Amino acid sequence: FVPVPQGDAYPDVVLRYGPSVSHAASGGVQVVQDSSSMTVTNGVLKLQFSKTRFSILEQAWTDLNSDGTFSSGEQWLTAPADLVVKDRKTGRFFRGTLWISGDGYVPKLVEAGPNKVTVLLQGRLKGENGGLTADGDATLIQAKVWLSVYADSSLLHVQTTLVDTKSRPTETFSDRILKLS
């Protein structure tokens, strides 16, 4: 919402204060989990995380009309958001979504308060189609992604750390790419 001034006034903006004003109760941030996914809802956003593969997000919605539901027309991510890195030596791509629960992938709920939820997603980036690094490794780097969601806010805070656990020249891989399908 961006208010539009009309002259020196903002007719769409009204400030109400005093004892007669009632504040809407926030529903906070809710987390629902099953064996394959974790869904975080905060009143504005609904975010679905995979428990079976290392994707940033599987699906995402914004309650654009504030009706408390998330319809298909409000979905802005319909396929996994993948973390992708290109190995400059081989030209091969390495993806997070190829790192699965059988490889040790487990998303962690590191903060679950009523007003903020933080999810830690961590795994390794595996070569597409079984591709290997120039050193013969199936994975290129380790990645950690923290996503924080706040009650009644469309703000999604994302922090990413890439760690190369092997001694390689600094120019081994190119800039990371976040692929939103």
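As the structure is a prediction and not an experimental result, all values here were calculated from the model.

**Student:** Honestly, the nonpolar core in this entry has me stumped. Any pointers?
**Tutor:** When a protein is soluble and globular, its nonpolar side chains tend to lie buried together. In this structure, Phe49, Phe54, Leu121 and Leu125 are the most contacted members of the largest nonpolar core, which totals 28 residues. Elements with a contribution of two residues or more to this core: strand S2 (37-41), strand S3 (45-50), strand S6 (81-86), strand S9 (116-127) and strand S10 (139-150). It is S10 that contributes the most residues to this core, six residues altogether. Discounting chain neighbours no more than four positions away, the residues touching leucine 125 are Phe54, Leu83, Val84, Val85, Phe94, Arg95, Gly96, Ala138, Thr139, Leu140, Ile141 and Ala143.

**Student:** Can you help me understand the packing of aromatic side chains in this one?
**Tutor:** The description of an aromatic ring pair rests on the distance of the ring centres and on the angle between the ring planes. Overall, the coordinates contain one aromatic pair when judged by the stated rule. Aromatic side chains phenylalanine 54 and tyrosine 105 sit 5.7 Å apart centroid to centroid with 40° between the ring planes, which places their arrangement in the tilted category. On the criterion of sequence distance, the pair formed by phenylalanine 54 in the loop between S3 and strand S4 (59-62) and tyrosine 105 in the loop between strand S7 (93-95) and strand S8 (108-112) is long-range, its members being 51 residues apart. The class for phenylalanine 54 is buried, based on a relative accessible area of 1%. In this structure tyrosine 105 comes out as buried when scored by relative accessible area, which is 1%. The ring of tryptophan 61 carries the charged tip of lysine 46 above its face, separated from the ring centre by 4.7 Å.

**Student:** What am I meant to see in the sheet that holds S2 here?
**Tutor:** Read across the open sheet, the five strands follow the order S1-S2-S3-S4-S5; overall the sheet is antiparallel. The open sheet terminates on both sides in strands that have one partner only, identified here as strand S1 (30-33) and strand S5 (75-77). Within this sheet the neighbouring strands show an average axis-to-axis angle of 20°, counted without direction. When S1 meets S2, the two strands line up antiparallel, connected through four bridges. Within S2, the position partnered with glutamine 33 by the bridge is methionine 38.

**Student:** Before we go on, may I ask you to explain the pairing of S10 in this structure?
**Tutor:** Put simply, side chains in a regular strand alternate between the two faces of the sheet. With 10 bridges connecting them, S9 and S10 associate as antiparallel partners. Note on S10: the bridge partner recorded for leucine 121 is valine 145. As paired elements, S10 and strand S11 (residues 156-163) share eight bridges and run antiparallel to each other. Paired with serine 148 across the two strands is histidine 157, which belongs to S11.

**Student:** Would you mind going over the side chain of serine 55 with me for this structure?
**Tutor:** For serine 55, the location among the structural elements is in the loop between S3 and S4. Looking at serine 55, the relative accessible area reads 1%, which means it is buried. At 2.6 Å, the side chain of serine 55 and the side chain of glutamate 58 are in polar contact. In contact with serine 55, not counting residues within four places along its chain, are Ser50, Pro80, Ala81, Thr97, Tyr105 and Leu121.

**Student:** Could you clarify how one ought to interpret the pairing of S6 in this entry?
**Tutor:** Among the six residues of S6, five are classified as buried, and the element is accordingly described as predominantly covered. With three bridges connecting them, S6 and S7 associate as antiparallel partners. Within the sheet, the bridge partner assigned to valine 85 lies in S7 and is phenylalanine 94. Turn length for the S6-S7 hairpin, with the two strands adjacent in sequence and antiparallel, is six residues, and the turn residue glycine 91 shows positive phi of about 80°.

Reading the values: rules and limits
Residues numbered from 1 in each chain as written. Predicted model: local features only at pLDDT ≥ 70, side-chain atom pairs only at ≥ 80, totals over all residues. Heavy atoms only, no water. Core = buried A, V, L, I, M, F, W, Y, C linked by side-chain atoms within 4.5 Å. Buried < 20%, exposed > 50% of the residue type's maximum accessible area, 1.4 Å probe, protein only. Helix = DSSP H or I, 4+ residues; strand = E, 2+ residues; numbered from the N terminus. Contact = heavy atoms within 4.5 Å. Phe/Tyr/Trp six-rings, centres within 6.5 Å; stacked < 30°, edge-to-face > 60°. Lys NZ or Arg CZ within 6 Å of the ring centre and 35° of its normal. Pairing = 2+ DSSP bridges. Axes fitted to C-alpha atoms, helices over the stretch in contact; angles between N-to-C directions. Polar contact = N/O pair within 3.5 Å; in protein donor to acceptor, adjacent residues only side chain to side chain.

So yeah, pure geometry; function would need other evidence.
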